[in-house]
Amino acid sequence: MRIMGLDFGSKTVGVAISDPLLITAQGIEIIRRNEENKLRRTLARIEELIEEYEVDEIVLGFPKNMNDTLGERAGLSLEFKEKLERRTGLPVTMWDERLTTVAADKAMIEAGIRRERRKEYVDKIAAVFILQGYLDLRGNRGK
């Protein structure tokens, strides 16, 4: 059993996968999207990764505003959640992703990744932070 973490954006989807013991998250891919409203190829690639990694559950970043309200991106993420559930048949858990992009950027700065290269990696690293937060909570609950 593995869990997939997704950071859903307008142009990319960062993908992370847990190890089989559900302890750590590893970034595996950034799915590039040509058009924001077209998700067919994105969903097809996610399905391929689900099969390849034997995923049983998905954690999707939920971009709430800092004041805990829901904006346009949160609404789009909820729509994407429904499409994922319908297409994959897997449960999708929404995970508060506030500050994950900031944390990912900070991690890249500390790792010495140049500013112009950070955009290439930020979504995948944000997916790792989303999934790792979920795994840590799950592990602390004794699941």
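The structure displayed is predicted, hence computed values, not measured ones.

From N to C terminus, the protein includes four helices and five strands. Of the regular secondary structure in the protein, the N- to C-terminal order runs β-β-β-α-β-α-β-α-α. Looking at the protein as a whole, 41% of its 143 residues qualify as buried. Taking the contacts inside the protein whose residues are at least 6 apart along the sequence as the reference set, 63% of them involve residues at least 24 apart. Counting every atom, the protein has about 8300 Å² of accessible surface; 49% of that belongs to carbon and sulfur.

Time to look at the pairing of strand 3 (residues 25–32). Bridge count for strand 2 (residues 12–18) against strand 3 is seven bridges, and the pairing is antiparallel. Bridge assignment links A16 to a residue of strand 3, and that residue is G27. Between strand 2 and strand 3, which pair antiparallel and follow one another directly, the connecting turn spans six residues, one of which, L22, has a positive phi of 60°.

This part is about the packing of aromatic side chains. How two aromatic rings sit relative to each other is given by the distance of their centres and the angle of their planes. A complete count under the given rule lists two aromatic pairs for this structure. Note on F8 and F80: the rings are 4.1 Å apart at their centroids and 10° apart in plane angle, and the pair reads as stacked. Of this pair, F8 sits in strand 1 (residues 2–8) while F80 sits in helix 2 (residues 72–88); the two residues are 72 residues apart in sequence, bridging distant segments of the chain. Centre to centre, the rings of W95 and Y134 are 5.8 Å apart; their planes meet at 85°, and the pair counts as edge-to-face. Linking W95 in strand 5 (residues 92–96) with Y134 in helix 4 (residues 115–140), this pair joins segments that are 39 residues apart in sequence. Note on Y134: relative accessible area 10%, which makes it buried.

With respect to the helices and strands, S18 occurs in strand 2. The class for S18 is buried, based on a relative accessible area of 0%. Separated by 2.9 Å, the side chain of S18 and the backbone nitrogen of I3 make a polar contact. Aside from chain neighbours lying at most four places away, what touches S18 is R2, I3, T24, A25, Q26, L131 and L135.

Taking 1.5 Å of rise per residue, 17 residues should cover 24 Å, and helix 2 covers 24 Å from first to last C-alpha, within 8% of that figure. Backbone geometry just after helix 2 places G89 at a positive phi near 75°.

With that settled, the discussion passes to the sheet that holds strand 5. Spatially, the five strands line up as an open sheet ordered 3-2-1-4-5, and their pairing is mixed. Two strands close off the open sheet at either side, each with one partner strand: strand 3 and strand 5. The average undirected angle you get between the axes of adjacent strands in this sheet is 25°. This element, helix 1 (residues 40–53), spans strand 1, strand 2, strand 3 and strand 4 (55–62) of the sheet and lies at about 150° to strand 3.

To continue, consider helix 1. For helix 1, with 14 residues, the first-to-last C-alpha span of 20 Å sits near the 20 Å given by 1.5 Å per residue. Within the sequence span of helix 1, burial applies to T42, L43, I46, L49 and I50. What you see down the axis of helix 1 is that its buried residues fit within an arc of 120°, all on one side. Exposed side chains of helix 1 directed beyond 90 degrees from the buried face belong to R40, R41, E51 and E52. Residues of helix 1 that are buried make contact with strand 1, strand 2, strand 3, strand 4 and helix 2. Looking one or two places after helix 1, you find E54, whose phi comes out positive at around 55°.

Thresholds, definitions, all that
Residues numbered from 1 in each chain as written. Predicted model: local features only at pLDDT ≥ 70, side-chain atom pairs only at ≥ 80, totals over all residues. Heavy atoms only, no water. Helix = DSSP H or I, 4+ residues; strand = E, 2+ residues; numbered from the N terminus. Buried < 20%, exposed > 50% of the residue type's maximum accessible area, 1.4 Å probe, protein only. Contact = heavy atoms within 4.5 Å. Areas by Shrake-Rupley, 256 points an atom, 1.4 Å probe, with all protein chains shown as cover. Pairing = 2+ DSSP bridges. Phe/Tyr/Trp six-rings, centres within 6.5 Å; stacked < 30°, edge-to-face > 60°. Polar contact = N/O pair within 3.5 Å; in protein donor to acceptor, adjacent residues only side chain to side chain. Expected span 1.5 Å × (residues − 1). Axes fitted to C-alpha atoms, helices over the stretch in contact; angles between N-to-C directions. Arc of directions from axis to C-beta.

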